[in-house]
Number of protein chains: 2
Amino acid sequence: MEKLTIVKVGGKIVEDPISLKQLLSDFSKIAGYKVLVHGGGRSATALAAKLGIESKMVNGRRITDNDMLNVVTMVYGGLVNKQIVAGLQAIDVNALGLTGADLNYMRSKKRPVTDIDYGFVGDVKEVNADILAELISKGVVPVLAPLTHDKEGSLLNTNADTIAGEAAKALAKHFEVTLVYCFEKKGVLLNEQDDESVIQELTHSLFEKYVAEGIIQGGMIPKLENSFEALKSGVKQVVITRADQIYSAKGTTIL
Amino acid sequence: MEKLTIVKVGGKIVEDPISLKQLLSDFSKIAGYKVLVHGGGRSATALAAKLGIESKMVNGRRITDNDMLNVVTMVYGGLVNKQIVAGLQAIDVNALGLTGADLNYMRSKKRPVTDIDYGFVGDVKEVNADILAELISKGVVPVLAPLTHDKEGSLLNTNADTIAGEAAKALAKHFEVTLVYCFEKKGVLLNEQDDESVIQELTHSLFEKYVAEGIIQGGMIPKLENSFEALKSGVKQVVITRADQIYSAKGTTIL
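Because the structure is a prediction, the values reported are computed rather than measured.

Cut-offs applied
- Residues numbered from 1 in each chain as written.
- Chains lettered and ligands numbered in written order.
- Predicted model: local features only at pLDDT ≥ 70, side-chain atom pairs only at ≥ 80, totals over all residues.
- Heavy atoms only, no water.
- Core = buried A, V, L, I, M, F, W, Y, C linked by side-chain atoms within 4.5 Å.
- Buried < 20%, exposed > 50% of the residue type's maximum accessible area, 1.4 Å probe, protein only.
- Contact = heavy atoms within 4.5 Å.
- Pairing = 2+ DSSP bridges.
- Helix = DSSP H or I, 4+ residues; strand = E, 2+ residues; numbered from the N terminus.
- Buried area = accessible area lost by both parts, 1.4 Å probe.
- Salt bridge = Lys/Arg side-chain N within 4 Å of Asp/Glu carboxyl O.
- Polar contact = N/O pair within 3.5 Å; in protein donor to acceptor, adjacent residues only side chain to side chain.
- Nonpolar A, V, L, I, M, F, W, Y, C, P; charged D, E, K, R; others polar.
- Axes fitted to C-alpha atoms, helices over the stretch in contact; angles between N-to-C directions.
- Parallel < 35°, antiparallel > 145°, perpendicular 65-115°, else oblique.
- Left-handed = near helix turned anticlockwise from the far one by under 90°.
- Least-squares fit on C-alpha atoms with pLDDT ≥ 70 in both.
- Expected span 1.5 Å × (residues − 1).
- Arc of directions from axis to C-beta.

A look at the nonpolar core
Link 1 in the chain: Ranked by size, the top nonpolar core spans 92 residues in total, and within it A:Leu171, A:Leu224, B:Leu171 and B:Leu224 carry the most contacts.
Link 2 in the chain: Excluding residues within four positions of it along the chain, B:Leu224 makes contact with B:Val188, B:Leu202, B:Phe207, B:Ile216, B:Ile240 and B:Ile254.

A few points about the sheet that holds strand β5 (residues 95-98) of chain B
All names here are of chain B.
Link 1 in the chain: One open sheet accounts for eight strands, arranged β5-β8-β2-β1-β11-β13-β14-β12; its pairing is mixed. Each of the sheet's edge strands pairs with one partner strand only, and the pair in question is β5 and β12 (201-202).
Link 2 in the chain: Sheet topology places β5 next to strand β8 (residues 141-144); four bridges connect them, and they run parallel. By the bridge assignment for β8, Gly-97 is matched with Val-143.

Here's the deal with the interface of chain A and chain B
Link 1 in the chain: With 38 residues of chain A at the interface, the matching set in chain B holds 38 residues.
Link 2 in the chain: Summed over both sides, the interface between chain A and chain B buries roughly 2,800 Å², with carbon and sulfur atoms accounting for 65% of that surface.
Link 3 in the chain: Looking at the side of chain A facing chain B, the largest losses of area belong to A:Met74, A:Lys82 and A:Leu103, adding up to 19% of the total buried there.
Link 4 in the chain: Linking chain A with chain B are six salt bridges, by the criterion used here.
Link 5 in the chain: In this structure, B:Asp102 and A:Lys82 form a salt bridge, with 2.9 Å as the shortest nitrogen-oxygen distance.
Link 6 in the chain: Where chain A meets chain B, there are 16 residue pairs in polar contact (both at pLDDT 80 or more).
Link 7 in the chain: Per-element tally for the side of chain A that touches chain B: the top contributor is helix α4 (residues 66-90) of chain A, with 14 residues.
Link 8 in the chain: Its residues assigned to classes, the side of chain A that touches chain B shows 17 nonpolar, 13 polar and eight charged.

Concerning the sheet that holds strand β8 (residues 141-144) of chain A
Residue and element names in this part refer to chain A.
Link 1 in the chain: The strand order across the open sheet formed by eight strands is β5-β8-β2-β1-β11-β13-β14-β12, and the pairing between neighbours is mixed. Looking at strand neighbours, the two that pair on one side only are β5 (95-98) and β12 (201-202), the edges of this open sheet.
Link 2 in the chain: Lying over the sheet, helix α2 (residues 17-28) contacts β1 (3-9), β2 (33-38) and β8, oriented at roughly 155 degrees with respect to β2.
Link 3 in the chain: Relative to the sheet, helix α5 (residues 129-137) contacts β1, β2, β5 and β8, its axis offset from that of β2 by approximately 125 degrees.

Things to note about the packing of α2(A) against α4(A)
All names here are of chain A.
Link 1 in the chain: It is the contact of α2 with α4, at a shortest axis distance of 10 Å, that shows an interaxial angle of 55 degrees. In terms of orientation, α2 and α4 fall into the oblique class. With respect to the hand of their crossing, α2 and α4 are arranged in right-handed fashion. Contact with α2, carried on its side by Leu-20, Leu-24 and Phe-27, involves Ile-84, Gly-87 and Leu-88 of α4 and no other residues of that element.

Describing the relation of the copies chain A and chain B
Link 1 in the chain: Overlaying chain A with chain B gives an RMSD of 0.0 Å, the required rotation being 180 degrees about an axis along which the chain moves by 0.0 Å. The two molecules are tied by a two-fold rotation axis, judged by turn and shift. Of every C-alpha in chain A, the one belonging to A:Gly78 sits nearest the axis of rotation, 1.8 Å from it.
Link 2 in the chain: Mapped onto chain B, 100% of the interface residues of chain A are again interface residues, and the two copies thus contact each other with one and the same surface.

So, helix α8 (residues 220-232) of chain B
Residue and element names in this part refer to chain B.
Link 1 in the chain: With 13 residues, α8 ought to run about 18 Å at 1.5 Å a step, and its terminal C-alpha atoms sit 18 Å apart, in line with that.
Link 2 in the chain: Taken as a whole, α8 has its buried residues at Met-220, Lys-223, Leu-224, Ser-227, Phe-228, Ala-230 and Leu-231. The arc enclosing the buried residues of α8, seen along the axis, measures out at 155 degrees, which places them on a common side.
Link 3 in the chain: Residues of α8 that are buried in the fold lie against α6 (160-171), β11 (176-183), β12, α7 (204-212), β13 (237-242) and β14 (252-254).
Link 4 in the chain: Of the residues one or two after α8, Gly-234 is the one with positive phi, at around 105 degrees.

By themselves, these observations are geometric and do not establish any function.
Structure follows, in structure tokens:
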């Protein structure tokens, strides 16, 4: 099987023109087939504030009422996505920006209301990997915005990490997939005070040991649990790294 | 050659949820291959106003400074485009929203500054029709936002009529193209006071006669000149009609 690298970058990198340019240059140098998944939360929050719309977050997730859905559709599907696509085309990467509605590649369902009503937030139900795989095989580089749709006419806000993970799992039937999550550190750290103490390889038993010892904690736990789930679903490896290391492939490799 | 219908609708229709739903339903019933091209100027002006950005128009064209480019990228490429795509997917039309940057399908050049500086407005230079034709042949329905790019990293604002015309001319090599322009009247009128006085068929000699007689005037002249130019470039026919007539194929047919 051919190799495919799926890189997920957060909002901070893609929202600053200088770091975006560097990222796109590094991304373009990755050998083989590629997919880029982006966030854009900071820009969404900034636009919402200018429009007098309050950003409400619960457990790190954005409450998405109708006005906020319009904001994220504009920012994720329009501004951030198209600036990335234009930036990649400028360096001869044949990018194609997509939301889940485009080509119906990712369908979701509005999250049921429990004690929290997240609003127009979608939980992924179906990934149409065949159409993505066909485009990728032709050299097209999909640029995935964190938006899905319910196939009943509504766009839905969906976490970019989730989009990357679901796309990776579905594309694992077609490619040998490496899933790269970028965050602000060089990798998963053995000592939070020491930015150089990167755990190079992390197996599931080591992960459990580190969690029990309190070395790995907080938001890193669900991120890593999702990574192990992706591996179980056929993804070859997951790398957690800093955006400036995507080309050199340093960071924490989860096996 | 297979038939392809390219429908261009203005902002007014696609920005109102009820008229949009009707339009998409009518559009979905057109037999054969289809492309939808949309505007969104009213929404762009409304968003700009909310953000304290003044909309300046010269000769009906929007002056697009950097802030306004961000607005139109959000509104045309995000909000309007993705709502149309999601709406079409809901009725089983496999829509794919595109700006000219996506797949590098339409490259333009920033309009040179003469006595007027239009800012980030692009004049179309190259249409990559092969990639569009291939998608269309597979049943994909491209939904084209009025944005192009310069392949140097910048998106550029481009008139939706122009996008439709340029796409039609380029796709005429692959399909028997009917180009449908929707506007607020049922067609080109013989008598501006009588909405039913639609000219059914308009040849170039008849057009010249009506212009000389003052029957056709104003903004309709460049619209029709562009239509005749499209015919010269291989487009089979151009229809000027009202959005609610796209399925019945009534209106003025330009031959």
